[in-house]
Amino acid sequence: MKSATHLESIRRSLTLLMLIAIFVTCYFARDLILPVMLGFLIALTLSPVSRGLSRIGVPHWASGVGLIAITTTLIGLIILFGAGTVSTWMSDFDDLARELQFKLGGVFRQLESVRQAGEDVAKMAAAGGEAAQEVVVQQPTMLDSAFDMAGTLGATLAVALVLATFLLASGDMFYIKLVQSFETMSGKKRALTMVYDIERKVSHYLLTITVINASLGLCIGVALTLLGLPYGWLWGIVAFLLNFLPYLGAMAGVLMVGAISIITFDDFGYALLAPLIYLTFTTIEGNFVTPSLLGRQLKMNTVAVFLTVVLWAWLWGIPGALVAVPFLVVFKVVADNIDSLAIVSNFLSGADTSELRDLRRAPIAFEDHGAHKDD
């Protein structure tokens, strides 16, 4: 009995160490793993379309190259329309920040008084000590940081698109190799079912979310343009991109639109209409549109989704937050098809209160341990 307990403890310890090793590897090997993961996600999203084209006689290599070319063109158009305005905002970031500070002068004056009091206390505490030489380190500008980030993301996206092209052009070769790696027929069937299930759910999720986000961006862009906010079409693109980040994207969009609106409009009450419109559209999308279109099949635990986004954002930044939910969908499908991960699959699933309601209504039965009633 002791040996079995020790083996179970060793197994749990090894599992914990393996998870830690995986996270450490993901953190330090981000530049290698991220484009590979993104390439597989793009290929999974477009593979049903490629397979459908093959049924009407289009070769896999032709459909793969064509689909990736269309995807690259759409990404290029988004960058082309938004890059100029964004770069202008980045170069004028200091001026915009000063204007926002002027508009919100009352709030900032209170914060400044608190900060000044803290500095006075620090100077009083340091009085009488040795005078420290102040060293000023010149920080990179916002525009330089943006260009560095754009270069890194561009290289990652280029590698991912090339990998997705090869995966789509290979057709079913990946599935064939996966099936051949199992010896038993049951193992082959389970692996093939799992892969097709991953492909179907990930493709359905990403395509549906892309259409929803595009519609959301169109609505927000038109509404903000009618409101009079400059570059309303650009805010539509921003809403489309940010909405791929669950929860965090909507909050970031509201704050960004609110800041620009306060800078643009003199009336503070009128300026609040822009972030209110943004928040209204994202709330409707998140609570009604997306749940109704995705349905129960992809309904997941919202707490697990939020924690996954936070975890991958901490590991990989914005790119990690973007791939967090598709990665969680893949992991849930794998857990659905492996008996030993049934508990994990149930935790990741959406809330089903029917069983809890039945348990509350069921009568409680008390067991009688050795007590006997008198006749």
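Treat the numbers as computed from the prediction; the structure is a model and nothing was measured.

**Q** With reference to specific residues and values, describe the overall build of the protein.
**A** Helix and strand counts for the protein come out as 16 helices and zero strands. The 375 residues of the protein split such that 30% are buried. Here the analysis covers contacts within the protein between residues at least 6 apart in sequence; of these, 74% occur between residues at least 24 apart. Per element, the accessible surface of the protein, about 24,600 Å² overall, is 69% carbon and sulfur.

**Q** So what about the pattern of salt bridges? Which residues, and what values?
**A** Going through the model one piece at a time under the given rule, you end up with six salt bridges. The closest approach of N and O atoms between Asp-336 and Lys-332, which form a salt bridge, is 3.2 Å. With Asp-336 and Lys-332 both in helix α14 (residues 318-336), this residue pair falls four residues apart, about one helical turn. Assessed through its relative accessible area of 33%, Asp-336 is described here as partly exposed.

**Q** So what's going on with the packing of aromatic side chains? Residues and values would help.
**A** Where two aromatic rings form a pair, the distance of their centres and the angle of their planes describe that pair. With the rule as written, the count across this model stands at seven aromatic pairs. Taken together, a centroid distance of 5.1 Å and an interplanar angle of 90° make the contact between Tyr-27 and Phe-28 edge-to-face. Put simply, the rings of Tyr-27, Phe-28 and Trp-314 touch in pairs and so form one group of aromatic residues.

**Q** Break down the confidence of the model for the protein for me, with residues and values.
**A** Averaged over every residue, the pLDDT of the protein is 77; the share at 70 or more is 72%. In this model residues 128-137 is a low-confidence stretch, pLDDT under 50, and it forms zero contacts with partners more than four residues away in sequence or in other chains.

**Q** For the side chain of Thr-208, give the residues involved together with the corresponding values.
**A** Along the polypeptide, Thr-208 turns up in helix α8 (residues 185-227). Within the structure, Thr-208 has its side chain in polar contact with the backbone oxygen of His-204 (distance 2.6 Å). Leaving out residues up to four positions away in the same chain, Thr-208 has contacts with Leu-293 and Leu-294.

**Q** Before we move on, could you go through unusual backbone geometry and cite the residues and values that matter?
**A** In this structure, Tyr-231 takes a positive phi of about 55° despite not being glycine. In this fold, Tyr-231 is placed in the loop between α8 and α9 (232-242).

**Q** Just give me the short version of a nonpolar patch on the surface, but keep the residues and values in it.
**A** Together, Leu-7, Ile-10, Leu-14, Leu-16, Leu-17, Ile-20, Val-24, Tyr-27 and Phe-28 give the surface a local cluster of nonpolar side chains, amounting to about 980 Å² of exposed area. Looking at the secondary structure, you find Leu-16 in helix α1 (residues 2-28). Leu-16 gets classed as exposed once you look at its relative accessible area, which sits at 51%.

**Q** Please set out the packing of helix α7 (residues 173-180) against α8 residue by residue, giving values where relevant.
**A** At a minimum axis distance of 8 Å, the contact between α7 and α8 shows a crossing angle of 150°. Here α8 runs roughly antiparallel to α7, going by the angle between their axes. In the packing of α7 onto α8, the handedness of the crossing is right-handed. For the pair formed by α7 and α8, the contact residues are Tyr-175, Leu-178, Val-179 and Gln-180 on the first element and Lys-188, Ala-191, Leu-192, Val-195, Tyr-196 and Glu-199 on the second.

Reading the values: the criteria
- Residues numbered from 1 in each chain as written.
- Predicted model: local features only at pLDDT ≥ 70, side-chain atom pairs only at ≥ 80, totals over all residues.
- Heavy atoms only, no water.
- Helix = DSSP H or I, 4+ residues; strand = E, 2+ residues; numbered from the N terminus.
- Buried < 20%, exposed > 50% of the residue type's maximum accessible area, 1.4 Å probe, protein only.
- Contact = heavy atoms within 4.5 Å.
- Areas by Shrake-Rupley, 256 points an atom, 1.4 Å probe, with all protein chains shown as cover.
- Salt bridge = Lys/Arg side-chain N within 4 Å of Asp/Glu carboxyl O.
- Phe/Tyr/Trp six-rings, centres within 6.5 Å; stacked < 30°, edge-to-face > 60°.
- pLDDT = per-residue confidence, 0-100.
- Polar contact = N/O pair within 3.5 Å; in protein donor to acceptor, adjacent residues only side chain to side chain.
- Patch = residues over 30% accessible without salt bridge, like charges linked within 9 Å, V, L, I, M, F, W, Y side chains within 5 Å.
- Axes fitted to C-alpha atoms, helices over the stretch in contact; angles between N-to-C directions.
- Parallel < 35°, antiparallel > 145°, perpendicular 65-115°, else oblique.
- Left-handed = near helix turned anticlockwise from the far one by under 90°.

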